[in-house]
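Structural features, examined
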Amino acid sequence: MKFSSNFYKGKSILITGHTGFKGSWMCKLLALSGAFVTGYALEPPTSPSLFNLLGLKNEVNSKIGDIRNLEQLKKVFAKVNPEIVIHMAAQPIVRDSYQNPVYTYETNVMGTVNILEAIRGCDTVKSFINVTTDKVYLNKEWVWGYREGEELNGYDPYSNSKSCSELITSSYKNSFFSDKDIAISTCRAGNVIGGGDFAKDRIIPDCVRAIEKGTEIIVRNPYSIRPYQHVLEPIVVYLMLAQAQYENRDFAGSYNVGPDDTDCWTTGDLVSSFCEKWNEKNGENNVTWKNVDDAGPHEANFLKLDCSKLKSTFNWKPRWNIEHAMEKIVEWTMIYIHGGNISECTKKQIEEFIGGE
């Protein structure tokens, strides 16, 4: 099965976290598909932001609100009557979760409770996707990938709060939705990269900021291995799964979304690829990086996903390997830095990705 833009045409979709990096790419894709999109989130979390750069407030029904505010969330549901809900609102940064664990748990745990409560009171929802993370697993630094049945127990407050979000979803599914015509799934995605990410403490945004400042790129953990994938990979999977379970509830469950083993790279190799492709495009050799250990809080050294379930269930495979994804990131970033047409570039990359399905 593959993502179908025709399926989404005219459907009412509610996305939480729509002003974020992943949410903005999803909004753009759904807008191009002709869906009626309502977003519920805080103001864009960064400045600049992809949401504002793409002018998405003119393309979607954007509702600014806090996922912790259940009553406001219920009012939005009652007004727009969504058929499909995709939950991405979160405090997503590991380091921030150490600095503000209470806010992290309030947002990631009670936010999940609130979205499920809102769905429970809404008769129109037929398909719900809760987006979590590969970090939900108890990380044993294994050389093989984690499967969906492995123990959930993230180490840091962010990862642990997302583990809790998974358990809450399972509890609500069993307690309140087993006899209702609604399909519920969770998706655990690996690290996403792509044009338009301006978050702090993420490696590609760090590369872009260093280029803008004319400084060397700083890499904190160059030997950490992560399952990197272009942001369109998981987004298209979320939408494919939302469609599949909308049509057949038997597809509901938990799914890993990550790259093939060949694209589980060290952070250092990832940055080296960025530098190489940037320098090739510029015809220069002035973008470099260095290893600087800042003695920050604990982060996993090795983490890999087993995506066999997704592959066997939907005959799915990743579209863009890391090399190709990096070419697209450099292409997008150069247009951004030189004041080009970002919206057109984003549309072009989406159409190329979908067209290759």
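The paragraphs below set out a description of the structure included in this document. (Residues numbered from 1 in each chain as written. Predicted model: local features only at pLDDT ≥ 70, side-chain atom pairs only at ≥ 80, totals over all residues. Heavy atoms only, no water.)

**A short note on the overall build of the chain**
Threshold: Helix and strand assignments come from DSSP, with helices taken as H or I runs of at least 4 residues and strands as E runs of at least 2, each series counted from the N terminus. Only protein chains enter the calculation, and the probe is 1.4 Å; a residue is then buried if its accessible area is under 20% of its type maximum, exposed if over 50%, and partly exposed in between. Any two residues whose heavy atoms approach within 4.5 Å are treated as being in contact. For every accessible area listed, the method is Shrake-Rupley and the probe measures 1.4 Å; residues are considered covered only by the protein chains on display. We count Lys and Arg on the positive side and Asp and Glu on the negative side, and we leave His and both chain ends out. Here the site of a charge means atom NZ of a Lys, CZ of an Arg, CG of an Asp or CD of a Glu.
Within the chain, the secondary structure is distributed over 13 helices and 13 strands. In the chain, buried positions account for 57% of the 357 residues. Expressed as a percentage of contacts within the chain between residues at least 6 apart in sequence, the contacts between residues at least 24 apart total 80%. If you sum the accessible surface of the chain, you get close to 14700 Å²; carbon and sulfur atoms cover 47% of it. Distance between charge centroids for the chain: 5 Å, based on 39 positive and 44 negative side chains.

**Here we look at unusual backbone geometry**
Excluding glycine, residues mostly have negative phi values, and the peptide bonds linking residues are mostly trans. For the bond running from Ser47 to Pro48, omega is 5°, close enough to zero to count as cis. Relative to the helices and strands, Pro48 is located in the loop between strand S2 (36-41) and helix H3 (50-53). The backbone phi angle of Asp201 is positive, close to 60°, even though this residue is not glycine.

**Some points on the sheet that holds S2**
Heads up, the rule is: DSSP calls a pair of strands paired once it identifies at least 2 bridges connecting them. Whenever a helix is involved, its axis is fitted only over the stretch in contact; in every case the axis is a line through C-alpha atoms, and angles between N-to-C directions fall within 0 to 180 degrees.
Overall, parallel pairing links the 7 strands, which are arranged S3-S2-S1-S4-S5-S6-S11 in an open sheet. Each having just a single partner strand, strand S3 (61-64) and strand S11 (254-257) make up the two edges of the open sheet. Direction aside, neighbouring strands of the sheet carry axes that sit 20° apart on average. By the bridge criterion, 4 bridges tie strand S1 (residues 12-16) to strand S4 (residues 84-87) in an arrangement that is parallel. Residue pairing in the sheet places Ile15 in a bridge with Ile86 of S4. Packed on one face of the sheet, helix H4 (residues 70-80) meets S1, S2, S3 and S4 and runs near 175° to S2.

**A few points about the packing of aromatic side chains**
The description of an aromatic ring pair rests on the distance of the ring centres and on the angle between the ring planes. Selection criterion: Each pair of aromatic rings taken from Phe, Tyr and Trp, with Trp reduced to its six-membered ring, is defined by centres within 6.5 Å and is described as stacked if the planes are under 30 degrees apart, edge-to-face if over 60, and tilted in the remaining cases.
For the structure shown, the criterion picks out 13 aromatic pairs. Between the aromatic rings of Phe7 and Tyr246, the centroid separation amounts to 5.3 Å while the plane-to-plane angle is 80°, which identifies the pairing as edge-to-face. Separated by 239 residues along the polypeptide, Phe7 in helix H1 (residues 5-8) and Tyr246 in helix H9 (residues 232-247) bring together distant segments of the chain. Assigned by exposure class, Phe7 and Tyr246 land together as buried.

**Some thoughts on helix H2 (residues 21-33)**
Stated precisely, the cut-off is as follows: Expected span, for any helix, means 1.5 Å times one less than how many residues it has.
For H2, spanning 13 residues, the distance from its first C-alpha to its last is 19 Å, which sits close to the expected 18 Å at 1.5 Å a residue. Across the 13 residues of H2, 11 count as buried, placing the element largely inside the fold. Regarding H2, the residues found buried are Phe21, Lys22, Gly23, Ser24, Trp25, Met26, Cys27, Lys28, Leu29, Leu30 and Ser33.

**Quick notes on the pairing of S1**
For S1, a buried count of 5 out of 5 residues is recorded, marking the element as mostly surrounded by other parts of the structure. Neither face of S1 is exposed, since Ser12, Leu14 and Thr16 on one face and Ile13 and Ile15 on the opposite face are all buried. As judged from the 5 bridges shared by S1 and S2, these two strands associate in the parallel manner. Bridge pairing in S2 links Ile15 to Gly39.

**Topic: the packing of H4 against helix H6 (residues 101-120)**
Using the following cut-off: Any angle between 65 and 115 degrees counts as roughly perpendicular, while under 35 counts as roughly parallel, over 145 as roughly antiparallel, and the rest as oblique. By convention, the crossing between two helices is left-handed when the near helix turns anticlockwise from the far helix through less than a right angle, and right-handed when the turn is clockwise. Put simply, Ala, Val, Leu, Ile, Met, Phe, Trp, Tyr, Cys and Pro go in the nonpolar bin, Asp, Glu, Lys and Arg in the charged bin, and everything else, Gly too, in the polar bin.
Closest axis-to-axis distance for the H4/H6 pair is 9 Å, and the angle between their directions is 40°. What the angle tells us is that H4 and H6 run oblique. Taken as a pair, H4 and H6 cross one another with a handedness that is right-handed. Contacts between H4 and H6 pair Leu70, Leu73, Lys74 and Phe77 from the former with Asn114, Ile115, Glu117, Ala118 and Ile119 from the latter. Residue composition of the contact of H4 with H6, grouped by class: 6 nonpolar, 1 polar and 2 charged.

**Quick word on the nonpolar core**
The criterion, for reference: Only buried residues count toward a nonpolar core. Its members are Ala, Val, Leu, Ile, Met, Phe, Trp, Tyr and Cys residues joined through side-chain atoms within 4.5 Å.
Tyr8, Trp25, Met26, Leu30 and Leu239 are the most contacted members of the largest nonpolar core, which totals 57 residues. Per-element accounting of this core gives the leading share, 11 residues, to H9. Residues within four places of Tyr8 in sequence aside, it is in contact with Phe3, Ile13, Leu30, Ser33, Gly34, Ala35, Ile84, Leu239, Ala242 and Gln243. Judged by nonpolar contacts, the second largest core, of 23 residues, contains Ile67, Val85, Val113 and Ile119.

**Some words on the side chain of Glu117**
Tracing the backbone shows Glu117 in helix H6. Classification of Glu117 by relative accessible area gives buried; the value is 18%. With near-sequence residues (within four places) excluded, Glu117 lies in contact with Leu70 and Tyr172.

**Considering the environment of Glu331**
The criterion, for reference: Contacts described as polar in this section are N or O atom pairs within 3.5 Å, which, within protein, must combine one atom able to donate a hydrogen with one able to accept it, while residues neighboring in sequence count only if both atoms come from side chains.
Residue position: Glu331 is located in helix H12 (residues 322-337). Spatially, the C-alpha atoms of Glu331 and Lys281 are 8.6 Å apart, while their sequence positions differ by 50 residues. If near-sequence neighbours (up to four positions away) are discounted, Glu331 is found in contact with Cys345, Lys348 and Gln349. At a separation of 3.4 Å, a polar atom in the side chain of Glu331 contacts the side chain of Lys348.

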